Amino acid sequence: VLGATLPARGLCCGTNAESPSFQCVLSGRWVNELGSNMTIGGLNTKGEFSGTYHTAVTSTNNKILLSPLQGSQHRINQKNQNQVTFGFTVNWSFSESTTVFTGQCFMDENGKEVLKTMWLLRSRVDKIEDDWKAT
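Reference entry: report on the structure contained in this document. (Residues numbered from 1 in each chain as written. Predicted model: local features only at pLDDT ≥ 70, side-chain atom pairs only at ≥ 80, totals over all residues. Heavy atoms only, no water.)

Some details on the overall build of the protein chain
Inclusion rule: In this text, helices come from DSSP runs of H or I with a minimum length of four residues, and strands from runs of E with a minimum of two, each type numbered from the N-terminal end. Each residue gets one of three labels from its accessible area relative to the maximum for its type: buried under 20%, exposed over 50%, partly exposed in between, using a 1.4 Å probe on protein chains only. Here, two residues are considered to be in contact whenever any of their heavy atoms come within 4.5 Å of each other. The method behind every accessible area is Shrake-Rupley, applied with a 1.4 Å probe, and residues are considered shielded solely by the protein chains displayed.
The number of helices and strands found in the protein chain is zero helices and seven strands. Each helix and strand of the protein chain, ordered N terminal to C terminal, gives the series β-β-β-β-β-β-β. The burial tally for the protein chain puts 36% of its 135 residues in the buried class. Of the contacts formed within the protein chain by residues at least 6 apart in sequence, a portion of 36% connects residues at least 24 apart. As displayed, the protein chain offers around 8200 Å² of accessible surface, 52% of which is attributable to carbon and sulfur atoms.

Here you go:
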């Protein structure tokens, strides 16, 4: 089951049908209104996770490919597991760039999980003088 709401300035959000009610669980499949989607595997005991990201948008002319992601969330012993914070990095398979995301999982008024994120993309440049246009 896929659902989506678009955050004001974020990338990935959606619903996760596998989670228990009133608790945010990052593992599962997430989709946003632009059609980008990611799949997050289970968390290990350190709160780390991995998965894949498939963006629906790009500024390159390259063929979009599934890209790996690595991340972590606050551990289970944190105060409020219903609204966990997390971060992850996507190493794009089709371009010389990397994006980092940071966000929080919320439960909306209908009991659906929503991820609100901010992201920062870094592209490779050939010389230090071009650093200003790389992020």
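Observations concerning the pairing of strand β3 (residues 48–54)
Note the cut-off: When DSSP finds two or more bridges between two strands, those strands count as paired.
Residues Phe49, Gly51 and Tyr53 of β3 are buried on one face, while the alternating residues Glu48, Ser50, Thr52 and His54, pointing to the opposite face, are not. Pairing between strand β2 (residues 37–40) and β3: four bridges, direction antiparallel. Residue methionine 38 lies in a different strand from β3, and its bridge partner there is tyrosine 53. By the bridge criterion, six bridges tie β3 to strand β4 (residues 67–73) in an arrangement that is antiparallel. If you follow threonine 52 over to β4, its bridge partner there is proline 68.

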